[in-house]
Amino acid sequence: MGGREGSQQPRSGGFNILEEEKNLEDKVEDNTSELAKLTSKIANLCQLLQEEKKDHHEYRVQTMKIIENMQSDISTLKTTLAEQQETIKNQQTRIDQLEDKADNLEQRDRLPCLRMYNVVVDKEEEKQFGHSVATCKAAFRAIKPILENETVKMGLDIPVDQWYKIFRNGHKLYASKEVKNPPILVRVKNRDLKSLILSNKFRLMSETETELPTTQGGVQRRSNTKKKELDNKDRKSVFITQDLTKKRYTLLKSYIDSGLFKKVWLLDGTILKFIKKNDTQETIFTTKISNKTANELIKDHK
C-alpha cells in the first residue's frame, strides 16, 4: 500500500504542473487576445489621428485661403474707398467753387442795393403810388441831408422831389413784429451815388448810435466801440448798410466777433479792409474777400 502511494505522488505533481502550464497558456492567450484588441484600438486611434491631422490640415488650408481672399477683398475695398474719397474731395472742391461762383453772382446782383433802417414808408403814398415808389420816396427823404450837401460838390442836379434820379426801385424787408419800421431795400441807379451815400451815412446817425445793426445785411465797421450796441428796433436815426449775401455777412461778422481787429469793413462786398487790434499806426490792410478765418487773415498780413 505504501509503495503505491509513493508511486502516485509524482503523477499528482505532474498534473499540477500541466494544469499550471495550461492556465498560463490560457492567460497568455487571453493577454494575446487583449493585446490584439488593444493593438486594433491603437491602430484605429492612429487612423483617426491621421484623419484628424488630414482634416485639420485641410481646414487650415481652407482657412488660409479664406483669410487670403478676405485680405484681397480688404485691399480692394481700401483702394475703392481711397478712390471714392478722392472723388468726394474733388466733388466737394467743385461744389465749393460753384458756391463761390453763385455767391459772387448774387453779390454782383446786390451791388447796386442798399439796406436802410428806421425809414418810415408813408402808407398813403403806398396806396397812391404803389409799394416800390413809396419805398423809394421814403428812402429819398431819408438821405436828403446827404444830397443837399454833397450833390453840389459832385456837380449833380437832383431836385428834392426827383427820387427816381437816385433809385430804380425798392421794397420792405421781413422783420419781426417788434420792429415798428421794417428795414427797406433800395436799388441805386449808379455806383457813384451809392458810394456817396455810404461814405456819408454816419451823418444820418445820432451821436449815441455808432453801432451797426446785428441783422443780416448790417455790417459793423467799428468793432471796438465802447458805446452800447443798439438793435434795429431801438435805433431812432436812419442807418444804411451794403446789401451783402448771407455768406459774406456771416464771414464779416465772424471777423468782427473775433476781437482781432480795430476796424474791419467791406467795399462793394468784395474788397476787405481791416486794421489790426492794438495797431497804434492804424495800418489799413486790403485784400480780396475769401473764406479765410480771422486768425488766417492776421497770419497772412504780418
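Please read all numbers here as calculations on a predicted model, not as lab measurements.

**Q** Explain the side chain of Lys137 here, please?
**A** Among the secondary structure elements, Lys137 is positioned in helix H3 (residues 131–142). One buried charge, Lys137, has no salt-bridge partner; the nearest side chain with opposite charge is Glu125, at 4.4 Å. If sequence neighbours within four positions are ignored, Lys137 has contacts with Glu125, Phe129 and Trp163.

**Q** Got a minute to help me understand the nonpolar core in this structure?
**A** One recurring pattern in soluble globular proteins: nonpolar side chains tend to sit buried together. One finds Met116, Ile143, Ile166, Phe167 and Ile240 to be the most contacted residues of the largest nonpolar core, which totals 26 residues. Looking at this core, the elements with two or more residues in it are strand E1 (113–117), H3, helix H4 (144–150), strand E3 (184–188) and helix H5 (191–199). Among the elements that make up this core, the one with the highest residue count is H3 (six residues). Contacts of Phe167, omitting those with residues within four sequence positions, involve Cys136, Ala139, Phe140, Ile143, Val186, Arg187, Val188 and Lys189. Judged by nonpolar contacts, the second largest core, of 15 residues, contains Leu244, Ile256, Val264 and Ile289.

**Q** So what exactly am I meant to see when it comes to a negative patch on the surface here?
**A** A contiguous patch of negative charge, built from Glu19, Glu20, Glu21, Glu25, Glu29, Asp30 and Glu34, is present on the exposed surface. Tracing the chain through its elements places Glu25 in helix H1 (residues 2–110). When its relative accessible area of 53% is taken as the criterion, Glu25 is described as exposed.

**Q** Is there a simple way to think about the sheet that holds strand E5 (residues 261–267) in this case?
**A** Sheet strands line up and pair through hydrogen bonds in the backbone, either parallel or antiparallel. Spatially, three strands are ordered E5-E6-E7 in an open sheet, and the strand pairing comes out antiparallel. The sheet is open, and its two borders are formed by E5 and strand E7 (284–288), each paired with just one other strand. Geometrically, the sheet is characterised by an average inter-axis angle of 20 degrees between neighbouring strands, direction not taken into account. Running over the sheet, helix H6 (residues 246–258) touches E5 and strand E6 (271–276) and is turned about 170 degrees from E5.

**Q** I would appreciate a short explanation of the pattern of salt bridges in the present structure.
**A** Applying the stated criterion to the full structure yields twelve salt bridges. The closest approach of N and O atoms between Arg141 and Glu125, which form a salt bridge, is 3.1 Å. Placement of the pair is Arg141 in helix H3 and Glu125 in helix H2 (residues 123–129), with a sequence separation of 16 residues. The salt bridge partner of Lys172 is Glu126, with a shortest N-O separation of 3.5 Å. Placement of the pair is Lys172 in strand E2 (residues 167–172) and Glu126 in helix H2, with a sequence separation of 46 residues. Within the structure, one salt-bridge network assembled from shared partners comprises Glu106, Arg110, Arg115 and Asp243.

**Q** Looking at this structure, I do not really get the sheet that holds strand E4 (residues 239–242). What am I missing?
**A** Reading across from one edge, E2-E3-E1-E4 is the order of the four strands in this open sheet, with antiparallel pairing throughout. The sheet terminates laterally at E2 and E4, the two strands that pair on one side only. Sheet twist, expressed as the average angle between the axes of neighbouring strands with direction ignored, equals 25 degrees. Examined bridge by bridge, E1 and E4 share four bridges and lie antiparallel to one another. Bridge assignment links Tyr117 to a residue of E4, and that residue is Phe239.

**Q** Explain the packing of aromatic side chains to me, please; I cannot follow it from the model alone.
**A** Overall, the coordinates contain four aromatic pairs when judged by the stated rule. Taking 5.8 Å as the distance between ring centres and 80 degrees as the angle between the ring planes, the aromatic pair formed by Trp163 and Tyr164 counts as edge-to-face. Aromatic side chains Tyr255 and Phe261 sit 6.0 Å apart centroid to centroid with 65 degrees between the ring planes, which places their arrangement in the edge-to-face category. On the basis of relative accessible area, Tyr255 is assigned to the buried category, the value being 1%. Aromatic ring contacts, followed pair by pair, group Tyr255, Phe261, Phe274 and Phe285 into a single cluster.

Parameters and conventions
Residues numbered from 1 in each chain as written. Predicted model: local features only at pLDDT ≥ 70, side-chain atom pairs only at ≥ 80, totals over all residues. Heavy atoms only, no water. Helix = DSSP H or I, 4+ residues; strand = E, 2+ residues; numbered from the N terminus. Buried < 20%, exposed > 50% of the residue type's maximum accessible area, 1.4 Å probe, protein only. Lys, Arg positive; Asp, Glu negative; His and termini not counted. Salt bridge = Lys/Arg side-chain N within 4 Å of Asp/Glu carboxyl O. Contact = heavy atoms within 4.5 Å. Core = buried A, V, L, I, M, F, W, Y, C linked by side-chain atoms within 4.5 Å. Patch = residues over 30% accessible without salt bridge, like charges linked within 9 Å, V, L, I, M, F, W, Y side chains within 5 Å. Areas by Shrake-Rupley, 256 points an atom, 1.4 Å probe, with all protein chains shown as cover. Charge placed at Lys NZ, Arg CZ, Asp CG, Glu CD. Pairing = 2+ DSSP bridges. Axes fitted to C-alpha atoms, helices over the stretch in contact; angles between N-to-C directions. Phe/Tyr/Trp six-rings, centres within 6.5 Å; stacked < 30°, edge-to-face > 60°.

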